[in-house]
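# A look at the structure
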Amino acid sequence: NYTILRDTKDVLMVTAKGSGAEVIPFIKTYVNLPAAIGFTALYSKLCDRMEQKDVFYACTIPFLFFFAAFAFIIFPNVGMLHPHAFVDKIALALPEGFGAPLAIVRNWSYAVFYVMAEMWGSVV
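These lines cover the structure that appears in this document, whether it is placed above or below.

What counts, and where the lines are drawn
- Residues numbered from 1 in each chain as written.
- Predicted model: local features only at pLDDT ≥ 70, side-chain atom pairs only at ≥ 80, totals over all residues.
- Heavy atoms only, no water.
- Patch = residues over 30% accessible without salt bridge, like charges linked within 9 Å, V, L, I, M, F, W, Y side chains within 5 Å.
- Areas by Shrake-Rupley, 256 points an atom, 1.4 Å probe, with all protein chains shown as cover.
- Salt bridge = Lys/Arg side-chain N within 4 Å of Asp/Glu carboxyl O.
- Helix = DSSP H or I, 4+ residues; strand = E, 2+ residues; numbered from the N terminus.
- Buried < 20%, exposed > 50% of the residue type's maximum accessible area, 1.4 Å probe, protein only.
- Polar contact = N/O pair within 3.5 Å; in protein donor to acceptor, adjacent residues only side chain to side chain.
- Axes fitted to C-alpha atoms, helices over the stretch in contact; angles between N-to-C directions.
- Parallel < 35°, antiparallel > 145°, perpendicular 65-115°, else oblique.
- Left-handed = near helix turned anticlockwise from the far one by under 90°.
- Contact = heavy atoms within 4.5 Å.
- Nonpolar A, V, L, I, M, F, W, Y, C, P; charged D, E, K, R; others polar.

Here we come to a nonpolar patch on the surface. Taken together, the side chains of Phe56, Tyr57, Ile61, Phe65 and Val124 present a nonpolar region at the surface, about 530 Å² in accessible area. Along the polypeptide, Ile61 turns up in helix α3 (residues 52-74).

Our focus in this paragraph is the side chain of Glu118. The topology assignment puts Glu118 in helix α7 (residues 108-123). Among the residues examined, Glu118 registers a relative accessible area of 19% and is labelled buried. A distance of 3.4 Å separates polar atoms of two side chains, one belonging to Glu118 and the other to Asn32.

Running from N to C, helix α2 (residues 23-49) and α3 cross one another at 150 degrees; their axes reach a closest spacing of 9 Å. In terms of their interaxial angle, α2 and α3 are classed as roughly antiparallel. Seen along the crossing, α2 lies across α3 with a hand that is right-handed. Listed contacts from α3 to Phe39, Tyr43, Leu46 and Cys47 of α2 are Val55, Ala58 and Cys59. In the contact of α2 with α3, the residues fall into seven nonpolar, no polar and no charged.

And the structure:
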């Protein structure tokens, strides 16, 4: 499972429209790191208030729901969900160096998948 997610997350982000390998450092720093810190705080609170078995389920089930939703709802509808025209308008007003952060916004569902796949390896 982890190997498939690890490989898929990179492929989705690197090959997405308006994206490329330059997106990876930005997504790891500005999306993945805050998500990991937030999850650590949430996990700490869960451990204080729940039994270990319940913490496991509380951490695992949202991942499973997300990956199911991504496979059956989000991914088939990315053409409708990704704001390509909006990001194209913003890109005209911003310097070229904003290409990678804009690619994360443009391909937001892939960015969320990237973070969830990264967290899956650490959490589960």
